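# A look at the structure
Here is what each chain is made of, one letter per residue.
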Amino acid sequence: MQHSLPRAVGPPRTLGTSSPWARQALPSDPSGDTHTPRDPVGGPDPLVLGLVVWALVADTYYQPHPAYGWVMFVAVFFWLVTVILFVMYLLKLQLKLYMIPWPIVVMVFNAAATILYVTAFITCSAAVQPTSWPQTPDYNRRAAASFFACLVMIAYGGSMFLSFQAWKGFGSNAATSQVTVTNHA
């Protein structure tokens, strides 16, 4: 005879623990089990790294180089959207907007950020002129911006992978699985 242990009654579980935009209550399935996927945002913070990228590019004389305009657009746009999503999380607006499929929104956002940061990284790296004097501040800042653009690209790529796993429901742990005990009476 199989008996299920009683489950603790409490608030609904949420997606992730530190994800600024994917914290959303998950419904229980018919068996009473709730699934808590892994946190869709991990590794270095794209918010901080993105700020570093556009601050480095903005601190140089980039106006005569059209390539840096694209890098600035990508960096500032995704930094602003990430800030907006973070503020939404702080104010818990995503719980009020329950009709929006947040795991899919986060996955699409991270995929778009990854793809556009790939182009920004390639553009920024190609625009650093190796023939210019390597000790000038502009050269150093542009090279550093290329490096940090690569880090932001990797951070958004990792977030995309983890948000895909959260969307598919992979990564639930032992604490979320239902425990059954077999009694031999």
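Just so it is clear, the model here is predicted, and its values are computed rather than measured.

Within the protein, the secondary structure is distributed over five helices and two strands. Listing every helix and strand of the protein by position from the N terminus yields β-α-α-α-α-α-β. Taken across its 185 residues, the protein has 34% of its residues classed as buried. For the protein, restricting intrachain contacts to residue pairs at least 6 apart in sequence, the fraction spanning at least 24 positions comes to 71%.

To continue, consider the nonpolar core. As a rule of thumb, soluble globular proteins bury nonpolar side chains together. Core analysis: the largest hydrophobic core is formed by 25 residues, its most contacted members being Phe-78, Tyr-117 and Tyr-156. Contributing elements (two or more residues each) for this core: helix H1 (46–58), helix H2 (66–90), helix H4 (102–127) and helix H5 (137–168). Looking at which element gives the most residues to this core, the answer is H2, with eight residues. Those residues in contact with Phe-78 that lie beyond four places of it in its chain are Phe-109, Ala-112, Ala-113, Leu-116, Tyr-117 and Tyr-156.

The periodicity of an α-helix, 3.6 residues per turn, causes residues three or four positions apart to be oriented the same way. A rise of 1.5 Å per residue sets the reference length of H5, with its 32 residues, at 46 Å; its end C-alpha atoms lie 46 Å apart and thus fit the reference within 8%. Gly-169 lies just past H5 and shows a positive phi near 90°.

Cut-offs and rules
Residues numbered from 1 in each chain as written. Predicted model: local features only at pLDDT ≥ 70, side-chain atom pairs only at ≥ 80, totals over all residues. Heavy atoms only, no water. Helix = DSSP H or I, 4+ residues; strand = E, 2+ residues; numbered from the N terminus. Buried < 20%, exposed > 50% of the residue type's maximum accessible area, 1.4 Å probe, protein only. Contact = heavy atoms within 4.5 Å. Core = buried A, V, L, I, M, F, W, Y, C linked by side-chain atoms within 4.5 Å. Expected span 1.5 Å × (residues − 1).

Keep in mind these numbers describe shape, not what the thing actually does.
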